[in-house]
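Spelled out from the first residue to the last, the chains are:
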Amino acid sequence: MACGRPQDPPCNGICLRGTADGPGVCTFADIDIWCDGEGEAIGYGEGTCWACSPSEARALACCEFPEGFDCRDWPYPSDGPPGSICARHEDCEPGLVCGAHRGEGYGICQCPGLDAEDVAPPQSCFQQ
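Residues numbered from 1 in each chain as written. Predicted model: local features only at pLDDT ≥ 70, side-chain atom pairs only at ≥ 80, totals over all residues. Heavy atoms only, no water.

Student: Describe the nonpolar core, with residues and values.
Tutor: Core analysis: the biggest nonpolar cluster contains 13 residues, and L16, V25, Y44, F65 and F69 have the highest contact counts within it. For F65, the contacting residues outside a window of four places in its chain are A2, R5, P23, G24, V25 and L60. Formed by nine residues, the second largest nonpolar core is a distinct cluster that contains I85, Y106, I108 and V119. (Core = buried A, V, L, I, M, F, W, Y, C linked by side-chain atoms within 4.5 Å. Buried < 20%, exposed > 50% of the residue type's maximum accessible area, 1.4 Å probe, protein only. Contact = heavy atoms within 4.5 Å.)

The structure is reproduced here in structure tokens:
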């Protein structure tokens, strides 16, 4: 369900917002960066945030208010900024690599040589 607008019902999970003050999607699933349970990785927060959630949440976000959500079709073009979801080096901007992080099943575009433990979305990604 949608969240973040005055007409939306309260979100009892986490409201993943595409932009800081914009609308988002309410998710109740894994709500984590690891993707170790149900769901898939969703990129949001204008390319700086990611979390796992049911695929229906990404579909709703990309249909209703795609601004700030990563709605690219895979295989991704070579334009992923730092912090965006990737599956291979070619998914990222030139000079970046599709590197490891604390999650499973996907990578994050980043500068070469970063320690996987240091690659995490900012805490602001999970604020209501």
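Picking up after the structure, the text goes on.
Student: A description of the state of the cysteines should follow, citing residues and the corresponding values.
Tutor: Under the counting rule described, the total for this entry stands at six disulfides. Bridging C92 to C109, the disulfide has an S-S length of 2.1 Å. Negative torsions about the S-S bond denote left-handed disulfides, and the value of about -90° found for C92 with C109 makes this one left-handed. Taken as a pair, C92 in the loop between strand 6 (85–86) and strand 7 (97–99) and C109 in strand 8 (residues 107–110) lie far apart in primary sequence, 17 residues in all. Take C92: its relative accessible area is 3%, and that puts it in the buried class. Residue C109 is classed as buried on the basis of its relative accessible area of 1%. Between C63, a cysteine without a disulfide, and C62, which holds the nearest cysteine sulfur, the sulfur-to-sulfur distance is 7.2 Å. C111 forms no disulfide, and the closest cysteine sulfur to it belongs to C92, at a distance of 10 Å. (Disulfide = S-S within 2.5 Å. Helix = DSSP H or I, 4+ residues; strand = E, 2+ residues; numbered from the N terminus.)

Student: I'd like a description of the side chain of D91, backed by residues and values.
Tutor: Checked against the element boundaries, D91 lands in the loop between strand 6 and strand 7. Residue D91 is classed as buried on the basis of its relative accessible area of 0%.

Student: An account of the sheet that holds strand 2 (residues 14–17) is needed here, citing residue identities and associated values.
Tutor: If you trace the three strands from one edge of the open sheet to the other, you get 1-3-2, paired in antiparallel fashion. Strand pairing shows two members of the sheet lacking a second neighbour, strand 1 (2–3) and strand 2, which therefore form its edges. Across two bridges, the pairing between strand 1 and strand 3 (residues 24–27) is antiparallel. Directly across from A2, in strand 3, lies its bridge partner V25. (Pairing = 2+ DSSP bridges.)

Student: Lay out the sheet that holds strand 8 with the relevant residues and their values.
Tutor: Strands sit in the order 6-8-7 across an open sheet of three strands; the sheet is antiparallel. Whereas interior strands pair on both sides, the edge strands pair on one side only; in this sheet they are strand 6 and strand 7. Taken together, the three bridges between strand 7 and strand 8 define a ladder with antiparallel strand orientation. If you follow C98 over to strand 8, its bridge partner there is C109.

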